[in-house]
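These are the residues of each chain, in order.
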Amino acid sequence: MPKIHTRSIENNSMNYQQILEEIAVEVNPLLNKGKVADYIPALAEVDPNNFAMSIATLDGQLYNVGRSNTKFSIQSISKVYSLVAAFSALGTEIWNRIGKEPSGTPFNSLIQLEQECGIPRNPFINAGAMVITDMLLSIYDHPKNDLLDFVNALAGQNDIGIDKTVAQSEKKYGFKNAALVNFLKSHDNIDNEIEEVLDLYFCHCAITMNTEELAKSFLFLANGGVNPHNGQVILNHSQTKRLNALMLTCGTYDEAGEFAFRVGMPGKSGVGGGIVAVIPGTLAASVWSPGLNQKGNSLAGVQALELFTTKTKMSVF
Ligand code: GLU
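Now for a look at the structure at hand. This structure is a prediction, so every number in the text was calculated from the model and none was measured.

In this section: empty space enclosed by the protein. Taking a probe equal in size to a water molecule and rolling it over the atoms shows the remaining empty space. A full pass over the atoms with the stated rule returns four cavities of 30 Å³ or more. As a volume, the largest cavity reaches approximately 90 Å³. Considering the residues around the largest cavity, the lining is formed by 15 residues, among which Ser109, Gln112, Leu113, Ile125 and Ala127 are closest to the centre. Elements supplying a minimum of two residues to the lining of the largest cavity: helix H3 (111-115) and helix H4 (126-139). For the lining of the largest cavity, the per-class residue count stands at eight nonpolar, five polar and two charged. Volume-wise, the second largest cavity comes out at about 60 Å³. Classifying every residue of the lining of the second largest cavity by side-chain character gives six nonpolar, four polar and one charged.

Surrounding the ligand, one finds Tyr39, Gln75, Ser76, Phe107, Asn126, Glu170, Asn177, Tyr201, Cys205, Tyr253, Gly270 and Val271. Contacts to the ligand include serine 76, whose side-chain N or O atom sits 2.5 Å from an oxygen atom. The side chain of asparagine 126 places a nitrogen or oxygen atom 3.0 Å from an oxygen atom of the ligand. Protein chains bury 99% of the 290 Å² of accessible surface belonging to the ligand in isolation. Among the detected pockets, the ligand sits in the second largest cavity.

Another point: the sheet that holds strand E3 (residues 72-73). Here three strands make up an open sheet; going across it, the order is E3-E5-E4 and the pairing antiparallel. If you trace the sheet from one side to the other, it starts and ends with E3 and strand E4 (161-162), each paired once. As defined by bridge partners, E3 adjoins strand E5 (residues 207-209) across two bridges and the pair is classed as antiparallel. Paired with serine 73 across the bridge in E5 is threonine 208.

The rules we used
- Residues numbered from 1 in each chain as written.
- Predicted model: local features only at pLDDT ≥ 70, side-chain atom pairs only at ≥ 80, totals over all residues.
- Heavy atoms only, no water.
- 1 Å grid on protein atoms, 1.4 Å probe; cavity = no way out; pocket = protein on both sides within 12 Å on 5 of 7 lines; lining within 4 Å.
- Points joined across faces, edges and corners; volume = space filled by probe spheres on them.
- Helix = DSSP H or I, 4+ residues; strand = E, 2+ residues; numbered from the N terminus.
- Nonpolar A, V, L, I, M, F, W, Y, C, P; charged D, E, K, R; others polar.
- Near = heavy atom within 4 Å.
- Polar contact = N/O pair within 3.5 Å; in protein donor to acceptor, adjacent residues only side chain to side chain.
- Areas by Shrake-Rupley, 256 points an atom, 1.4 Å probe, with all protein chains shown as cover.
- Sits in = over half its atoms within 2 Å of the grid points.
- Pairing = 2+ DSSP bridges.

Here is the structure:
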(Lines give C-alpha, C1' and ligand atoms only; values in the text may rest on other atoms or scores of the structure.)
Protein backbone atom coordinates (compact mmCIF):
# COMPACT_ATOMS: atom_id res chain seq x y z
CA MET A 1 0.00 0.00 0.00
CA PRO A 2 1.44 3.43 -0.89
CA LYS A 3 2.42 5.67 1.98
CA ILE A 4 -0.17 8.30 2.85
CA HIS A 5 1.34 11.68 3.54
CA THR A 6 -0.58 13.68 6.11
CA ARG A 7 -0.13 17.30 7.01
CA SER A 8 -0.03 17.66 10.78
CA ILE A 9 -1.70 20.56 12.56
CA GLU A 10 -0.19 21.15 15.98
CA ASN A 11 -3.13 22.72 17.83
CA ASN A 12 -1.57 22.29 21.23
CA SER A 13 1.51 24.28 20.49
CA MET A 14 -0.34 27.03 18.63
CA ASN A 15 0.60 30.47 19.92
CA TYR A 16 -2.84 32.10 19.62
CA GLN A 17 -1.78 35.26 21.43
CA GLN A 18 1.02 35.95 19.01
CA ILE A 19 -1.24 35.19 16.04
CA LEU A 20 -3.88 37.64 17.31
CA GLU A 21 -1.27 40.35 17.76
CA GLU A 22 0.03 39.83 14.23
CA ILE A 23 -3.51 40.00 12.87
CA ALA A 24 -4.24 43.27 14.71
CA VAL A 25 -1.22 44.87 13.06
CA GLU A 26 -2.02 43.49 9.60
CA VAL A 27 -5.66 44.63 9.53
CA ASN A 28 -4.95 48.09 10.97
CA PRO A 29 -4.78 49.81 7.53
CA LEU A 30 -8.35 48.59 6.83
CA LEU A 31 -9.99 50.05 9.92
CA ASN A 32 -11.35 53.26 8.46
CA LYS A 33 -11.87 51.92 4.94
CA GLY A 34 -15.27 50.40 5.73
CA LYS A 35 -18.52 52.26 6.29
CA VAL A 36 -20.23 52.25 9.70
CA ALA A 37 -23.93 51.28 9.46
CA ASP A 38 -25.97 54.47 9.56
CA TYR A 39 -29.49 53.29 8.74
CA ILE A 40 -29.83 52.79 12.51
CA PRO A 41 -28.80 56.30 13.67
CA ALA A 42 -27.48 55.12 17.05
CA LEU A 43 -24.96 52.86 15.29
CA ALA A 44 -23.60 55.69 13.12
CA GLU A 45 -21.95 57.23 16.18
CA VAL A 46 -19.50 54.34 16.74
CA ASP A 47 -15.81 55.07 16.08
CA PRO A 48 -14.69 53.04 13.00
CA ASN A 49 -11.17 52.73 14.43
CA ASN A 50 -12.27 50.19 17.02
CA PHE A 51 -10.84 46.71 16.67
CA ALA A 52 -10.94 43.67 18.94
CA MET A 53 -10.53 39.95 18.48
CA SER A 54 -10.93 37.06 20.92
CA ILE A 55 -10.43 33.31 20.85
CA ALA A 56 -12.07 30.94 23.34
CA THR A 57 -10.82 27.37 23.19
CA LEU A 58 -12.55 24.22 24.37
CA ASP A 59 -9.67 23.56 26.73
CA GLY A 60 -10.72 26.69 28.64
CA GLN A 61 -8.23 29.26 27.39
CA LEU A 62 -9.08 32.83 26.35
CA TYR A 63 -6.95 35.06 24.14
CA ASN A 64 -7.69 38.71 23.35
CA VAL A 65 -6.28 41.58 21.35
CA GLY A 66 -7.47 45.19 20.99
CA ARG A 67 -10.55 46.59 22.70
CA SER A 68 -11.90 43.24 23.80
CA ASN A 69 -13.52 44.81 26.89
CA THR A 70 -15.58 47.30 24.89
CA LYS A 71 -19.21 46.32 24.39
CA PHE A 72 -20.84 46.86 21.01
CA SER A 73 -24.22 46.23 19.42
CA ILE A 74 -24.31 42.59 18.32
CA GLN A 75 -27.27 43.13 15.95
CA SER A 76 -27.86 40.10 13.71
CA ILE A 77 -25.51 37.89 15.72
CA SER A 78 -28.41 37.76 18.20
CA LYS A 79 -30.39 35.83 15.58
CA VAL A 80 -28.25 32.79 16.41
CA TYR A 81 -29.27 32.91 20.08
CA SER A 82 -32.98 33.30 19.24
CA LEU A 83 -32.80 30.50 16.67
CA VAL A 84 -31.03 28.19 19.11
CA ALA A 85 -33.60 28.95 21.81
CA ALA A 86 -36.50 28.17 19.45
CA PHE A 87 -34.82 25.10 17.91
CA SER A 88 -33.98 23.73 21.33
CA ALA A 89 -37.59 24.20 22.54
CA LEU A 90 -39.56 23.22 19.42
CA GLY A 91 -37.24 20.96 17.39
CA THR A 92 -37.91 20.31 13.71
CA GLU A 93 -41.33 21.96 13.85
CA ILE A 94 -39.65 25.33 13.26
CA TRP A 95 -38.90 24.33 9.65
CA ASN A 96 -42.62 24.36 8.82
CA ARG A 97 -42.46 28.15 8.92
CA ILE A 98 -38.92 28.95 7.67
CA GLY A 99 -36.58 27.62 4.96
CA LYS A 100 -32.92 26.64 5.12
CA GLU A 101 -31.54 28.06 1.89
CA PRO A 102 -29.32 31.08 1.32
CA SER A 103 -31.48 33.94 0.10
CA GLY A 104 -29.12 35.58 -2.40
CA THR A 105 -30.88 38.85 -1.54
CA PRO A 106 -30.15 41.59 1.02
CA PHE A 107 -31.05 40.73 4.63
CA ASN A 108 -34.08 43.03 4.72
CA SER A 109 -35.42 42.37 1.22
CA LEU A 110 -39.19 42.13 0.71
CA ILE A 111 -39.23 40.80 -2.86
CA GLN A 112 -38.50 37.14 -2.15
CA LEU A 113 -40.97 37.02 0.70
CA GLU A 114 -43.74 38.04 -1.63
CA GLN A 115 -42.75 35.49 -4.28
CA GLU A 116 -42.49 32.72 -1.68
CA CYS A 117 -45.80 33.41 0.04
CA GLY A 118 -44.54 34.59 3.40
CA ILE A 119 -42.11 31.71 4.13
CA PRO A 120 -38.68 33.30 4.73
CA ARG A 121 -35.74 31.60 3.04
CA ASN A 122 -33.76 31.14 6.26
CA PRO A 123 -33.73 32.18 9.94
CA PHE A 124 -30.93 34.74 9.53
CA ILE A 125 -32.56 37.15 7.12
CA ASN A 126 -34.74 39.66 8.97
CA ALA A 127 -38.02 38.04 7.94
CA GLY A 128 -36.85 34.63 9.19
CA ALA A 129 -35.56 36.10 12.43
CA MET A 130 -38.94 37.73 13.02
CA VAL A 131 -40.74 34.41 12.63
CA ILE A 132 -38.31 32.95 15.19
CA THR A 133 -38.93 35.95 17.48
CA ASP A 134 -42.66 35.26 17.18
CA MET A 135 -42.03 31.64 18.28
CA LEU A 136 -40.12 32.87 21.33
CA LEU A 137 -43.01 35.14 22.31
CA SER A 138 -45.23 32.05 22.36
CA ILE A 139 -42.72 29.93 24.31
CA TYR A 140 -41.44 32.32 26.96
CA ASP A 141 -43.32 33.81 29.93
CA HIS A 142 -41.03 36.86 30.10
CA PRO A 143 -39.52 36.97 26.61
CA LYS A 144 -36.88 39.72 27.01
CA ASN A 145 -35.60 38.51 30.37
CA ASP A 146 -35.79 34.84 29.44
CA LEU A 147 -33.80 35.41 26.24
CA LEU A 148 -31.22 37.50 28.11
CA ASP A 149 -30.90 34.77 30.75
CA PHE A 150 -30.32 32.27 27.94
CA VAL A 151 -27.56 34.42 26.37
CA ASN A 152 -25.93 35.04 29.75
CA ALA A 153 -25.87 31.32 30.51
CA LEU A 154 -24.26 30.59 27.12
CA ALA A 155 -21.54 33.15 27.89
CA GLY A 156 -21.11 31.91 31.47
CA GLN A 157 -22.03 35.39 32.76
CA ASN A 158 -24.89 37.35 34.30
CA ASP A 159 -24.39 40.96 33.21
CA ILE A 160 -25.12 40.93 29.47
CA GLY A 161 -27.91 43.39 28.65
CA ILE A 162 -29.65 45.53 26.07
CA ASP A 163 -28.69 49.03 24.88
CA LYS A 164 -32.07 50.75 25.07
CA THR A 165 -30.92 53.72 22.96
CA VAL A 166 -30.09 51.39 20.08
CA ALA A 167 -33.36 49.49 20.48
CA GLN A 168 -35.35 52.76 20.38
CA SER A 169 -33.37 54.04 17.41
CA GLU A 170 -34.19 50.85 15.50
CA LYS A 171 -37.82 51.08 16.45
CA LYS A 172 -38.06 54.68 15.29
CA TYR A 173 -36.49 53.99 11.90
CA GLY A 174 -37.48 50.33 11.42
CA PHE A 175 -39.89 50.94 8.54
CA LYS A 176 -38.71 47.99 6.47
CA ASN A 177 -38.83 45.62 9.42
CA ALA A 178 -42.37 46.79 10.14
CA ALA A 179 -43.25 46.10 6.50
CA LEU A 180 -41.72 42.61 6.69
CA VAL A 181 -43.59 41.60 9.83
CA ASN A 182 -46.89 42.95 8.48
CA PHE A 183 -46.33 40.97 5.32
CA LEU A 184 -45.58 37.82 7.32
CA LYS A 185 -48.73 38.36 9.36
CA SER A 186 -50.80 38.71 6.19
CA HIS A 187 -49.57 35.20 5.29
CA ASP A 188 -50.47 33.82 8.74
CA ASN A 189 -46.81 33.31 9.61
CA ILE A 190 -46.94 35.48 12.76
CA ASP A 191 -49.09 34.41 15.74
CA ASN A 192 -48.49 37.29 18.15
CA GLU A 193 -49.13 41.02 17.90
CA ILE A 194 -46.93 42.81 15.38
CA GLU A 195 -45.81 45.41 17.94
CA GLU A 196 -44.70 42.68 20.36
CA VAL A 197 -42.69 40.89 17.65
CA LEU A 198 -40.93 44.10 16.59
CA ASP A 199 -40.23 45.06 20.19
CA LEU A 200 -38.58 41.75 21.08
CA TYR A 201 -36.71 41.64 17.75
CA PHE A 202 -35.27 45.16 18.20
CA CYS A 203 -34.35 44.37 21.79
CA HIS A 204 -32.43 41.21 20.95
CA CYS A 205 -30.61 43.00 18.10
CA ALA A 206 -29.66 45.71 20.64
CA ILE A 207 -27.90 43.29 23.02
CA THR A 208 -24.38 44.57 23.71
CA MET A 209 -21.41 42.30 24.25
CA ASN A 210 -17.64 42.42 23.86
CA THR A 211 -15.63 40.02 21.74
CA GLU A 212 -14.57 37.89 24.70
CA GLU A 213 -18.20 37.37 25.75
CA LEU A 214 -19.20 36.58 22.17
CA ALA A 215 -16.49 33.96 21.73
CA LYS A 216 -17.37 32.32 25.05
CA SER A 217 -21.08 32.29 24.21
CA PHE A 218 -20.55 30.46 20.88
CA LEU A 219 -18.28 27.81 22.34
CA PHE A 220 -21.22 25.39 22.74
CA LEU A 221 -21.45 25.24 18.93
CA ALA A 222 -17.86 23.99 18.88
CA ASN A 223 -18.71 21.56 21.68
CA GLY A 224 -21.42 19.37 20.13
CA GLY A 225 -24.18 21.59 21.61
CA VAL A 226 -23.10 21.33 25.27
CA ASN A 227 -22.59 24.59 27.16
CA PRO A 228 -18.98 24.24 28.38
CA HIS A 229 -19.61 26.69 31.23
CA ASN A 230 -22.20 24.55 33.03
CA GLY A 231 -22.45 21.21 31.17
CA GLN A 232 -26.04 21.86 30.04
CA VAL A 233 -27.11 20.28 26.74
CA ILE A 234 -28.40 23.17 24.59
CA LEU A 235 -28.69 21.30 21.29
CA ASN A 236 -28.12 17.66 20.43
CA HIS A 237 -25.38 16.63 17.97
CA SER A 238 -27.65 16.64 14.98
CA GLN A 239 -29.12 20.06 15.81
CA THR A 240 -25.63 21.46 16.37
CA LYS A 241 -24.54 20.19 12.97
CA ARG A 242 -27.55 21.87 11.40
CA LEU A 243 -26.97 25.16 13.20
CA ASN A 244 -23.36 25.29 12.05
CA ALA A 245 -24.43 24.41 8.50
CA LEU A 246 -26.91 27.29 8.51
CA MET A 247 -24.26 29.71 9.72
CA LEU A 248 -21.90 28.56 6.99
CA THR A 249 -24.47 28.90 4.21
CA CYS A 250 -26.55 31.87 5.44
CA GLY A 251 -24.68 33.55 8.32
CA THR A 252 -22.85 36.38 6.58
CA TYR A 253 -25.59 38.00 4.49
CA ASP A 254 -25.31 37.83 0.75
CA GLU A 255 -21.60 37.07 1.10
CA ALA A 256 -21.75 33.63 2.69
CA GLY A 257 -20.07 31.98 -0.31
CA GLU A 258 -17.18 34.44 -0.27
CA PHE A 259 -16.88 34.11 3.52
CA ALA A 260 -16.71 30.30 3.30
CA PHE A 261 -14.17 30.62 0.48
CA ARG A 262 -11.93 33.06 2.33
CA VAL A 263 -12.40 32.07 5.98
CA GLY A 264 -13.70 28.50 5.99
CA MET A 265 -15.60 28.67 9.29
CA PRO A 266 -19.34 28.69 10.06
CA GLY A 267 -20.04 32.16 11.41
CA LYS A 268 -22.56 34.94 11.95
CA SER A 269 -22.07 38.64 11.43
CA GLY A 270 -24.02 41.76 12.41
CA VAL A 271 -24.19 45.32 11.11
CA GLY A 272 -22.61 46.50 14.37
CA GLY A 273 -19.35 45.13 12.90
CA GLY A 274 -19.10 41.93 14.94
CA ILE A 275 -18.49 38.45 13.53
CA VAL A 276 -18.28 35.22 15.49
CA ALA A 277 -17.29 31.86 14.03
CA VAL A 278 -16.44 28.36 15.23
CA ILE A 279 -14.15 25.47 14.47
CA PRO A 280 -16.13 22.47 15.76
CA GLY A 281 -14.17 20.49 18.33
CA THR A 282 -11.67 23.29 18.90
CA LEU A 283 -12.62 26.92 19.39
CA ALA A 284 -14.80 29.98 18.84
CA ALA A 285 -13.32 33.18 17.41
CA SER A 286 -14.88 36.63 17.43
CA VAL A 287 -13.88 39.93 15.95
CA TRP A 288 -15.23 43.48 16.01
CA SER A 289 -14.49 46.37 13.70
CA PRO A 290 -17.47 48.63 12.89
CA GLY A 291 -16.52 49.62 9.32
CA LEU A 292 -18.56 47.42 6.98
CA ASN A 293 -17.99 46.27 3.41
CA GLN A 294 -20.67 46.62 0.73
CA LYS A 295 -22.40 43.41 1.80
CA GLY A 296 -22.73 44.56 5.42
CA ASN A 297 -19.93 42.47 6.93
CA SER A 298 -17.06 43.98 8.90
CA LEU A 299 -14.32 44.76 6.38
CA ALA A 300 -11.40 44.28 8.78
CA GLY A 301 -13.28 41.51 10.61
CA VAL A 302 -13.53 39.23 7.57
CA GLN A 303 -9.86 39.89 6.79
CA ALA A 304 -8.89 39.13 10.41
CA LEU A 305 -10.71 35.78 10.35
CA GLU A 306 -9.18 34.91 6.98
CA LEU A 307 -5.74 35.66 8.42
CA PHE A 308 -6.60 33.53 11.46
CA THR A 309 -7.46 30.41 9.45
CA THR A 310 -4.48 31.01 7.15
CA LYS A 311 -1.97 31.42 9.97
CA THR A 312 -3.33 28.57 12.11
CA LYS A 313 -4.04 26.30 9.11
CA MET A 314 -7.37 25.49 10.78
CA SER A 315 -10.76 25.56 9.10
CA VAL A 316 -13.70 23.22 8.64
CA PHE A 317 -12.41 22.23 5.19
N1 GLU B 1 -31.47 45.01 13.69
C2 GLU B 1 -30.94 45.05 12.36
C3 GLU B 1 -32.06 45.18 11.36
O4 GLU B 1 -33.10 44.64 11.59
C5 GLU B 1 -30.16 43.79 12.15
C6 GLU B 1 -29.34 43.94 10.96
C7 GLU B 1 -28.15 43.04 10.94
O8 GLU B 1 -27.28 43.07 11.79
O9 GLU B 1 -28.12 42.30 9.96
O10 GLU B 1 -31.94 45.82 10.37
